[in-house]
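Single-letter residue listing:
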Amino acid sequence: QVQPVESGGGLVQAGGSLRLSCAASGRPFSSLTMGWFRQAPGKEREFVAAINWSAGITYSADSVKGRFTISRDNAKNTLYLQMNSLKPEDTALYYCAATYISPRSYGSTQSYDYWGQGTQVTVSS
């Protein structure tokens, strides 16, 4: 069983930065494909970024390319999302997700088996 736990959310002004972390229990962490998703009020959960087990392959949504960077530290069992140049439209509850199965679609919520409770990111204008 894998239990992701997100942290690092908060309130930031537009143009600012935040780094989200996701600590995941379960063995082995290094075999997990992991992703970040977000959900704003009244909207569907949407893909943000994903990274494969070896960190050799990453994917990002067009809306965050050039601003957000996903990375992982397998020695620390931790996933990260560095968010720069934040915009008010980035405001959402951010979720960490994981799966041991190599996804057909890294951007689909259906591809992930384990989810955290989310961490709130609020960007003020």
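That block above? That's the structure.
Residues numbered from 1 in each chain as written. Predicted model: local features only at pLDDT ≥ 70, side-chain atom pairs only at ≥ 80, totals over all residues. Heavy atoms only, no water.

Peer 1: Got a minute to help me understand the overall build of the protein in this structure?
Peer 2: A tally of helices and strands in the protein yields 0 helices and 11 strands. Going from the N terminus to the C terminus, the protein shows its helices and strands as β-β-β-β-β-β-β-β-β-β-β. For the protein, whose C-alpha radius of gyration is 13 Å, the value lies close to the compact-globule estimate of 14 Å for 125 residues. Among the 125 residues that make up the protein, the fraction classed as buried is 45%. Counted over contacts in the protein with a minimum sequence separation of 6, partners at least 24 positions apart contribute 59%. Total accessible area on the protein stands at roughly 6300 Å², and carbon and sulfur atoms take up 47% of it. Counting 11 positive and 8 negative side-chain charges, the protein places the centres of these two groups 5 Å from one another. (Helix = DSSP H or I, 4+ residues; strand = E, 2+ residues; numbered from the N terminus. Rg over C-alpha atoms; globule rule 2.2 N^0.38 Å. Buried < 20%, exposed > 50% of the residue type's maximum accessible area, 1.4 Å probe, protein only. Contact = heavy atoms within 4.5 Å. Areas by Shrake-Rupley, 256 points an atom, 1.4 Å probe, with all protein chains shown as cover. Lys, Arg positive; Asp, Glu negative; His and termini not counted. Charge placed at Lys NZ, Arg CZ, Asp CG, Glu CD.)

Peer 1: How do you make sense of the pattern of salt bridges when you look at a structure like this?
Peer 2: Note that side chains of opposite charge can pair when their charged atoms are close. Applying the stated criterion across every chain yields a total of 4 salt bridges. Its salt-bridge partner being Glu46, residue Arg38 comes within 2.6 Å of it at the nearest N-O pair. We classify Arg38 as buried; its relative accessible area is 6%. For Asp90, the salt bridge identified is with Arg67, shortest N-O distance 2.7 Å. Linking Asp90 in the loop between strand E8 (78–83) and strand E9 (92–99) with Arg67 in the loop between strand E6 (58–60) and strand E7 (68–73), this pair joins segments that are 23 residues apart in sequence. Several salt bridges converge on common partners, so that one network encompasses Arg38, Glu46, Arg67 and Asp90. (Salt bridge = Lys/Arg side-chain N within 4 Å of Asp/Glu carboxyl O.)

Peer 1: Before we go on, may I ask you to explain the packing of aromatic side chains in this structure?
Peer 2: To describe a pair of aromatic rings, you give the distance between the ring centres and the angle between the ring planes. What the rule picks out here adds up to 7 aromatic pairs. On the numbers, 6.5 Å between centres and 80 degrees between planes, the contact of Tyr100 with Tyr114 is edge-to-face. Taken together, the residues Tyr100 in the loop between E9 and strand E10 (114–115) and Tyr114 in strand E10 connect sequence positions 14 residues apart. For Arg45, the ring lying beneath its charged end belongs to Tyr95, and the centroid distance is 3.7 Å. Positioned above the aromatic ring of Trp115 is the side chain of Arg45, whose terminal nitrogen or guanidinium carbon lies 4.9 Å from the ring centre. (Phe/Tyr/Trp six-rings, centres within 6.5 Å; stacked < 30°, edge-to-face > 60°. Lys NZ or Arg CZ within 6 Å of the ring centre and 35° of its normal.)

Peer 1: Just to check I follow, could you spell out the nonpolar core for this structure?
Peer 2: One finds Met34, Trp36, Leu81, Met83 and Tyr94 to be the most contacted residues of the largest nonpolar core, which totals 35 residues. For this core, the elements supplying multiple residues, two or more each, are strand E3 (18–24), strand E4 (33–39), strand E5 (46–51), E7, E8, E9 and strand E11 (119–124). Apart from residues no more than four positions distant in its own chain, Met34 is found in contact with Cys22, Ala24, Phe29, Ala50, Ile51, Ile70, Arg72, Leu79, Cys96, Ala97, Ala98 and Tyr112. (Core = buried A, V, L, I, M, F, W, Y, C linked by side-chain atoms within 4.5 Å.)

Peer 1: Sorry, what's going on with unusual backbone geometry here?
Peer 2: Trans peptide bonds make up most of the peptide bonds, and negative phi angles are found at most residues other than glycine. In this structure, Asn77 takes a positive phi of about 55 degrees despite not being glycine. Mapping Asn77 onto the fold places it in the loop between E7 and E8. Not every positive phi belongs to a glycine, and Ser85 is a case in point at roughly 50 degrees. If you trace the backbone, Ser85 turns up in the loop between E8 and E9.

Peer 1: Got a minute to help me understand the side chain of Arg38 in this structure?
Peer 2: Here Arg38 shows up in strand E4. Within the local environment of Arg38, its side chain forms a polar contact with the side chain of Glu46, the two groups lying 2.6 Å apart. A distance of 2.9 Å separates the side chain of Arg38 from the side chain of Tyr94, its partner in a polar contact. (Polar contact = N/O pair within 3.5 Å; in protein donor to acceptor, adjacent residues only side chain to side chain.)

In short, geometric facts, not functional conclusions.
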